[in-house]
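Structural features, examined
Chain by chain, the residues:
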Amino acid sequence: MPGVEDVVDALLATTWLSDEEDGDAQVPGGEGVRHTADWTVLNHLLTVLESPGLHAPVRATLRNALRRLADTLRVQAGAQRREAARSIGAYLADPRTERLDPVPRVPPGAPN
């Protein structure tokens, strides 16, 4: 059974850390779709950290994964990646400094 680190690593591998930028040109709006997916995943991961019921080991694993992501993004090209690294660092230092988008509410009766 995959652990928290496995799940987070898989999410980041298919978004921020994916090397499929060449495929963006083949999809209409590909770059915009990619940036939206990247930022949505990051927003959700940071939102999870705010959860009061989150167990300490899970919180530590998630914070560590976000630190590693920030370190990786900081040295990569692109304004989106550098801004994400800055946002992660600022949030981990003081969550009040970064505004997170509200997580959309799933309507009643929606499929899981």
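Shown above is the structure to which this text applies.
Anyway, here's the lowdown on the structure attached to this text. (Residues numbered from 1 in each chain as written. Predicted model: local features only at pLDDT ≥ 70, side-chain atom pairs only at ≥ 80, totals over all residues. Heavy atoms only, no water.)

On to helix α4 (residues 79-93), then. Helix length check: α4, at 15 residues, gives a terminal C-alpha distance of 21 Å against a target of 21 Å (1.5 Å per residue), a fit within 8%. All of the buried residues along α4 are R81, A84, A85, S87, I88, Y91 and L92. Looking straight down α4, one finds that the buried residues subtend no more than 165 degrees of arc, so they occupy a single side. Exposed positions of α4 whose direction lies more than 90 degrees from the buried face are A79 and A93. (Helix = DSSP H or I, 4+ residues; strand = E, 2+ residues; numbered from the N terminus. Expected span 1.5 Å × (residues − 1). Buried < 20%, exposed > 50% of the residue type's maximum accessible area, 1.4 Å probe, protein only. Arc of directions from axis to C-beta.)

Let's shift gears to the layout of surface pockets. Rolling a probe over the atoms, with the probe sized like a water molecule, indicates the empty space that remains. Looking at the largest pocket, its volume works out to about 250 Å³. In terms of lining, the largest pocket is formed by 13 residues, of which the most central are W39, N43, R99, L100 and D101. Only α2 (30-49) and α4 provide two or more residues apiece to the lining of the largest pocket. The dominant element in the lining of the largest pocket, judged by the number of residues it contributes, is α2, at 5 residues. In terms of residue class, the lining of the largest pocket is made up of 6 nonpolar, 3 polar and 4 charged. (1 Å grid on protein atoms, 1.4 Å probe; cavity = no way out; pocket = protein on both sides within 12 Å on 5 of 7 lines; lining within 4 Å. Points joined across faces, edges and corners; volume = space filled by probe spheres on them. Nonpolar A, V, L, I, M, F, W, Y, C, P; charged D, E, K, R; others polar.)

Once that is clear, we can look at the packing of helix α1 (residues 4-14) against helix α3 (residues 56-74). Two measures define how a pair of helices packs: the angle their axes make with one another and the distance between the axes. Interaxial distance between α1 and α3 falls to 10 Å at its minimum, and their mutual angle equals 30 degrees. Taken together, the axes of α1 and α3 are roughly parallel relative to one another. With respect to the hand of their crossing, α1 and α3 are arranged in right-handed fashion. For the pair α1 and α3, contact is made by V4, E5, V8, D9 and L12 and by V58, T61, L62, A65, R68 and L69, respectively. Here the contact of α1 with α3 is built from residues that sort into 7 nonpolar, 1 polar and 3 charged. (Axes fitted to C-alpha atoms, helices over the stretch in contact; angles between N-to-C directions. Parallel < 35°, antiparallel > 145°, perpendicular 65-115°, else oblique. Left-handed = near helix turned anticlockwise from the far one by under 90°. Contact = heavy atoms within 4.5 Å.)

This paragraph deals with the pattern of salt bridges. Under the definition given, this model contains 7 salt bridges. When the shortest N-O distance is used, the salt bridge between D9 and R68 registers 3.5 Å. Of this pair, D9 sits in helix α1 while R68 sits in helix α3; the two residues are 59 residues apart in sequence, bridging distant segments of the chain. Residue classification places D9 among the partly exposed positions, given a relative accessible area of 31%. (Salt bridge = Lys/Arg side-chain N within 4 Å of Asp/Glu carboxyl O.)

Quick look at the side chain of N43 now. Examined against the element boundaries, N43 turns out to sit in helix α2. Sequence-distant contacts of N43, defined by excluding residues within four places in its chain, comprise L100 and D101.

So, about the nonpolar core. Of all hydrophobic cores here, the largest spans 21 residues; its most connected members are L49 and L66. Of all the elements in the fold, those that place two or more residues in this core are α1, α2, α3 and α4. Per element, the largest residue contribution to this core is 6 residues, and it comes from α3. In this structure, L49 is in contact with L54, R59, L62, R63, L66, Y91 and L92, ignoring residues within four places of it in sequence. (Core = buried A, V, L, I, M, F, W, Y, C linked by side-chain atoms within 4.5 Å.)

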